[in-house]
Amino acid sequence: MNSVQITRPQDLHEQMLELGRAARAAAGVLAQASSGVKRAVLESAARELRAASKTVLRANAEDVADAQARGLSSALIDRLALDEKRIEATAAGLEVVAALEDPVGQIIAQWQRPNGLQIARVRVPLGVIGIIYESRPNVTADAAALCLKSGNAVILRGGSESARSNAAIHQCLVRALTQHGLPAAAAQMVPTQDRDAVGIMLRDMAGYIDVIVPRGGKGLVARVQQDARVPVMSHLEGICHTYVHSGADLAMARRIVVNAKMRRTGVCGATETILVDRACAATHLKPIVTDLIDAGCEVRGDTATKASDARVNAAADSDWGKEFLDAIVAVRVIDGLDEALAHIRKFGSAHTDAIITNDATAAERFLNELDSAIVMHNASTQFADGGEFGMGAEIGIATGKIHARGPVGAVELTSYKYRVRGNGQTRP
């Protein structure tokens, strides 16, 4: 259970601060926990989650039913829904994180000065991490696992639509912590859906929370960035592009494009805009558009794209740079690599962008000149995921440039300090 139970609205502020105090104390314990203990906790959490799968699925079914009754979009419900396969994937992710090398205490660099001082830059936990997220209950496990692996205490504030699911998963984490002698407050969940709790986290808990990570839609991230008095690790919307270059192999392009858009349309790595080079449009555009429509995707295109298939709808200006999070995609024919880069820079969100081509020179230009957090060559943008990068899980895809970019795993949840060893040196 959480160390703090919020019971009366008038007590919310003080009880949130108590949540922070408990997390700060737990962070001190966790920072000194051995690699073996942290690994054992996460392995136990995976076992607990599998054992509790029926309980979690029952809780999730209630969340999904409420979401459907409230008329939430199919994309949000897809993010929310769990099944045995997704629970197993989450449990397996916990085990992958458990097996990762412990980042805490790693020596990043070391050197000796002429005066004999030995200096080392060493990884240390950030402290207490507040995570505010929507829809996906697997974030409860993924985020807590990465925080615990990196020696950080975590305060989780999930969305109301997944409250029951989050609580059921959270209890698995708490049981694993206490089994191995670590404080339950190392992974706490805000036990209220009162929106004022988020405001308190952002404005009044700077003494307890070291960094806030928002994971959700544009509105959530904008609110956090506007209101936070705590450092924020930003995860903006995923306006991802796939550019079919004139040197693209058609069979490869068709395969990648459909996967990049349609594998899961509600994830942040889903391609939202497809750019097709005019130099290959005569051979590549129609097959790609047909594949997408046949797969159940609505295609909104420019004049050239509309001419390729009567089923294409005209794209509005607002469709360029839009995160659909649905089976909808914008398609545009462009004149070469320079125009593709210009379009992505204007309309993208610096999340994930891909080029499909067998032209090595064009690929290198795309990878080197485009300043997105993730740039890809001949691969689906849906690989924009910490698990696919070998991190076991991720807290999100950071699109900012300070501290972390791309998938945020355990290593990205650490800072560093300098350890200086001398033998009596004094400064003249």
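Up top is the structure.
Below or above, wherever it landed, is the structure these notes cover. (Residues numbered from 1 in each chain as written. Predicted model: local features only at pLDDT ≥ 70, side-chain atom pairs only at ≥ 80, totals over all residues. Heavy atoms only, no water.)

Points about the overall build of the protein
Point 1. Along the backbone of the protein there are 14 helices and 16 strands.
Point 2. Scaling as 2.2 N^0.38, a compact globule of 428 residues should have a C-alpha radius of gyration of about 22 Å, and the protein matches this with 23 Å.
Point 3. Of all 428 residues assigned to the protein, the portion counted as buried reaches 54%.
Point 4. A fraction of 72% describes how many contacts in the protein between residues 6 or more apart in sequence connect residues 24 or more apart.
Point 5. A gap of 5 Å separates the mean positions of the 48 positive and 48 negative side-chain charges of the protein. (Helix = DSSP H or I, 4+ residues; strand = E, 2+ residues; numbered from the N terminus. Rg over C-alpha atoms; globule rule 2.2 N^0.38 Å. Buried < 20%, exposed > 50% of the residue type's maximum accessible area, 1.4 Å probe, protein only. Contact = heavy atoms within 4.5 Å. Lys, Arg positive; Asp, Glu negative; His and termini not counted. Charge placed at Lys NZ, Arg CZ, Asp CG, Glu CD.)

Details of the sheet that holds strand β2 (residues 118-125)
Point 1. What the 3 strands build is an open sheet, ordered β1-β2-β16; its pairing is antiparallel. Of all the strands in the sheet, just β1 (107-112) and β16 (414-421) have a single pairing partner and so form its edges. Here the strands of the sheet are splayed against their neighbours by 20 degrees on average, with no regard to which way each runs.
Point 2. Relative to β16, β2 runs antiparallel, the two sharing 8 bridges. Looking at the pairing, V122 lines up with K417 of β16. (Pairing = 2+ DSSP bridges. Axes fitted to C-alpha atoms, helices over the stretch in contact; angles between N-to-C directions.)

Remarks on the nonpolar core
Point 1. Ranked by size, the top nonpolar core spans 52 residues in total, and within it L49, V56, L94, I131, L156, I395 and L413 carry the most contacts.
Point 2. For this core, the element with the most residues is helix α6 (residues 138-149), which contributes 8 residues.
Point 3. Discounting residues that sit within four places of it in the chain, L49 has contacts with V56, I87, T90, A91, L94, I169 and C172. (Core = buried A, V, L, I, M, F, W, Y, C linked by side-chain atoms within 4.5 Å.)

Some remarks on the packing of helix α5 (residues 84-99) against α6
Point 1. Running from amino to carboxyl end, α5 crosses α6 at an angle of 10 degrees, the nearest separation of the two axes being 10 Å. Relative to α6, the element α5 is oriented roughly parallel. Note on element contacts: α6 touches α5 through N138, A141, D142, A145, L146 and K149, opposite T90, L94, V97, A98 and A99.
Point 2. Class assignment for the residues of the contact of α5 with α6 results in 7 nonpolar, 2 polar and 2 charged. (Parallel < 35°, antiparallel > 145°, perpendicular 65-115°, else oblique. Nonpolar A, V, L, I, M, F, W, Y, C, P; charged D, E, K, R; others polar.)

Focus: the sheet that holds strand β4 (residues 153-157)
Point 1. Read across the sheet, 4 strands follow the order β5-β4-β3-β6 without closing on themselves; strand pairing throughout is parallel. Unpaired on one side and paired on the other, β5 (187-189) and β6 (211-215) mark the two borders of the sheet. Neighbour to neighbour, the strand axes of the sheet diverge by 20 degrees on average, direction disregarded.
Point 2. Taken together, the 3 bridges between β4 and β5 define a ladder with parallel strand orientation.

The quantities given are spatial measurements derived from coordinates; they are silent on function.
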